[in-house]
Structures are given as structure tokens and as C-alpha cells.
Amino acid sequence: MFRTPRYQEKTEYIRFNLDTPLTFPGNGQHQVKAGKRFFVRDRDSVYDWYNAYFRVNFNFQTLADGANVAGDTRSAPINSAFSLIKSMTVKSAGKVLYEAFDLHKVIFIKNLLDYSDDYARTAATKQFWYLDTDATDQTAAAGTNAGSKARGALSHGGATVKTIIPLNRFSFFEELSDRLLPPLQLEFEIVLQNDNELIFQNDGTGRRIVVRKFELWVPRLTLTSEGQKIFNENFLKPTQWTYLKEVLHPSTSKRDASGSWLISAGVKNPKHVFIFFQQTRKQNSLTHNPYIFDTFDLDGDDTAKLSSCRLQYGSHNLPEIEYESDFALRILNDLENFRYRKNDYNTGTQLQVSNFETIYPFIYFDLRSIKSVTDDPMTLIFHYRLNEAANAHDYTIFAAVLSEQEVVLKQIGNELVFV
């Protein structure tokens, strides 16, 4: 409502630079990933944080000498500009408003489910979003993986990849679609992703991503008199709301044929849980893509497979009839209901039977119907069985948990502050 001309006289994007400028690595070195900070100190303006974004330019180089990667080389950056960010913490007056680690895999799952097929092939390309299409052929310059080939074409030969990372894909900012924050100071602390999780290189020879530009762009609003009234009445008073905080839990490395994995000893108000398996050797490795999952093929030769599973939250078991991997269509059907797409005939999804079973097999548990009487944290346990032990390769289980988190704005003196 407040983004219409009736309430806005003008909108202009304001650029904020890093507190400490980027440094660029020498030969044989990786770029320093930690210590990236943005400060927004302007308390006299109204900003539309839902439509803010990071601007990022980067180069794809050989590690040894910083040379350009040749156009026929079988290597490419992995999917999505969101992969560039490993962790992010947002603070206001020392209060942590949002904190998330290993963001790239959680945001990837959300984007995979939220982006329609049309949006993924058009508007999402601004975010370097080119979905992998082949789990076995991950090469950029050859083969059938259309996503890897597209990303290679954009990054080879010394080309500068120019991309944006919308803040509204991170859950705290996602909930600002219908609200404005009062004028306040914000601090962003960001750690960029390490190169082994950013690059696929088929022979493991050294490659690196060098970020050349990293900026924060935020719309500053000039309100009409009617807009200022709406802002004063709705956003300059104590209030509270909730958002779904994303947390990624990895298990220890396993080979067991069955087990019960304690994801967390105490989780409060979880709404969504996504589970996927991945061979441990594929993590933090140039020769493997972190977005290719192994849930239905744990040792790579189609022998050790997930047979059945169920999630336990306190005394609740989901689903009532446990999932079985030989009925993957049931799992996919329930997964589509994350954004209520199961019966949406007007838009397409990026997931379909073949890529779900071979490239992106993960399991979804919907906890939105669970109501806690005491509102106390409860244990979250994943129970699973394989058809046989994964003797060829260890595996790790990942759980992406989206839990309801409360945000409270309270008036202290003449100021509104987060508490």
C-alpha cells in the first residue's frame, strides 16, 4: 500500500560501501572472506528494506597466477549469487536482529521451491541463477548440464560477473513486505563463502572467486503528507511480528544402515524442516557440487538407499505414515505444498520427477499444524532406515529448520529500539 504514488513522492536507491574496502589476493592466495561490514547510520530517513539488495561483481580465476579461466575448461562457479555469502548477522544498537550460518544451502532450497520455472529462467538470472540439469555431467564447456554451461559462459575468459542478491530472500527481510522499519542504525557483518564451496572443477585444480565489488543498495523513500501520516500511525509505535529463522544443522559423518539423529535438543516453534543426505567427501571440495544431493543414492552406485524415514518433534511424529523412498512421488507431492503449489495450476515449479529423484532429492516435513500447549522448546529427532549400510562412502545428514522467531520493537524514552 505505502509503495504507491499516493504515499510516496520519490524513491531513490542509496549506496552504502563496505566499512573496510575489499582486498585482492596475490598469486596462489585466496581472497580474505571474513570481516565484511556495512553500517547504515542515517536515522533521519525512511528506508524500504524489503527491496534492498547487495550488488556483487566477481571474477573466476586460476589460483596459481590469477589468470583467466579458459572458455573450454570444464569448470564453473556453482549456482546462484546467494552462494557467495556464508553467514550474515544484522544488528541494531548491539541487538542481534538476524543471524544465520551456512546460508547458501538453506537459501538454495527456498529459491528452488519459491521460484517458478518461468521466473527462474528470466528474472532470477540477475541473481546468477542457472539451475543444474544433470547430476553426473557437471562440466561447463561440454556435456549436457545446461546450468553449468551457462554459468561457465558468463564467467570464463576474464569476464566480470555482475549480479545482485536481494535481501528479501533472507527471512528477516522477507517479512518486511508490508511494513517499514522506523529510522534506526543497522550493522551488517558478513562472511563470504570459501572457494571450495563456490566452484566446481572436474580435476580439482586450483580455482578462486575474487569479489571485485560488494555494495549495499537501499531504497530511500520521500513520503507524501498522506504517506507520512500512514508511516507515523503504523510504523512509529511499539509493535511485534514474527519471521522464520533459518538454521542448518549437519550431522556427524555416518555409515549406519539406520539410526535416530538428534537434530536439536530444544527447538521452539519450528514450522518447516527439510532433510537431505550428502556424501561427506563431496563437502568443501572443488570436484563436487554442494547442490547435488544424495538422499536416494548414498554411495554413488545406486545400492545403498534411504528406505524410510520420519521426523519426531516432542511427542509428535510426522508424517503419520512414514515416508518410503520407493514412493518418491508422495514426498515430492508434499514438498510442493511448502508454498501451497500442490494445486496451483497457474504457475510452474522448477522441481519435477526426474530432477527431484536424481539431482535435488530432499524431504520436507510440515509442522505448521502442530500447536504447543506450553510453548516450550522440544527435541527434534530424525529417524531413518537404509536398505543397507553405505560402505563405499560416509554420508552426512543436513536439516534445514525454519522456526518462528519473534521481533519486538519497544519504546524506550523517545526512541523505538529492538529488545
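In the block above lies the structure referred to throughout.
Residues numbered from 1 in each chain as written. Predicted model: local features only at pLDDT ≥ 70, side-chain atom pairs only at ≥ 80, totals over all residues. Heavy atoms only, no water.

Novice: Residues and numbers for the sheet that holds strand β16 (residues 316-324), please.
Specialist: Here four strands make up an open sheet; going across it, the order is β13-β18-β15-β16 and the pairing antiparallel. Edge strands, defined here as strands with exactly one partner in the open sheet, are β13 (258-267) and β16. Across this sheet, the average inter-strand angle for adjacent strands is 10°, counted without regard to direction. Sheet analysis places strand β15 (residues 306-313) next to β16, joined by five bridges and oriented antiparallel. Pairing of Tyr313 across the sheet is with His316, part of β16. (Pairing = 2+ DSSP bridges. Helix = DSSP H or I, 4+ residues; strand = E, 2+ residues; numbered from the N terminus. Axes fitted to C-alpha atoms, helices over the stretch in contact; angles between N-to-C directions.)

Novice: Break down the pattern of salt bridges for me, with residues and values.
Specialist: According to the stated counting rule, one finds 24 salt bridges in the structure shown. In this structure, the salt-bridge partner of Glu226 is Arg6, at a minimum N-O distance of 2.6 Å. One end of the pair, Glu226, is in helix α5 (residues 225-235); the other, Arg6, is in the segment before β1 (8-17), and 220 residues separate them in sequence. With relative accessibility at 31%, the residue Glu226 sits in the partly exposed group. Since its relative accessible area comes to 52%, Arg6 is described here as exposed. With a closest N to O distance of 3.9 Å, Glu187 and Arg37 form a salt bridge. With Glu187 in strand β9 (residues 186-192) and Arg37 in strand β2 (residues 36-40), this residue pair connects regions lying 150 residues apart in the sequence. Residue classification places Arg37 among the partly exposed residues on the basis of a relative accessible area of 34%. Residues participating in the shared-partner salt-bridge network are Lys110, Asp114, Arg169, Glu174, Glu246 and Arg339. (Salt bridge = Lys/Arg side-chain N within 4 Å of Asp/Glu carboxyl O. Buried < 20%, exposed > 50% of the residue type's maximum accessible area, 1.4 Å probe, protein only.)

Novice: Got a sec to walk through the layout of surface pockets? Specific residues and values, please.
Specialist: When its volume is computed, the largest pocket comes out at roughly 500 Å³. Taken together, 24 residues form the lining of the largest pocket, with Phe293, Asp294, Asp297, Glu357 and Thr358 sitting closest to its centre. Counted by class, the lining of the largest pocket contains eight nonpolar, nine polar and seven charged residues. Roughly 300 Å³ of volume is contained in the second largest pocket. In terms of lining, the second largest pocket is formed by 15 residues, of which the most central are Tyr119, Gln127, Pro166, Asn168 and Arg169. (1 Å grid on protein atoms, 1.4 Å probe; cavity = no way out; pocket = protein on both sides within 12 Å on 5 of 7 lines; lining within 4 Å. Points joined across faces, edges and corners; volume = space filled by probe spheres on them. Nonpolar A, V, L, I, M, F, W, Y, C, P; charged D, E, K, R; others polar.)

Novice: Give me the lowdown on the sheet that holds strand β7 (residues 95-101), citing residues and values where you can.
Specialist: Across the sheet, four strands lie side by side as β2-β9-β6-β7; this open sheet has antiparallel pairing. Two strands bound the open sheet, and with one partner strand each, they are β2 and β7. Ignoring strand direction, the axes of neighbouring strands in this sheet form an average angle of 10°. Most of the contacts of helix α1 (residues 103-114) go to strand β6 (residues 85-92), to which it runs at about 95°, and overall it touches β6 and β7. (Contact = heavy atoms within 4.5 Å.)

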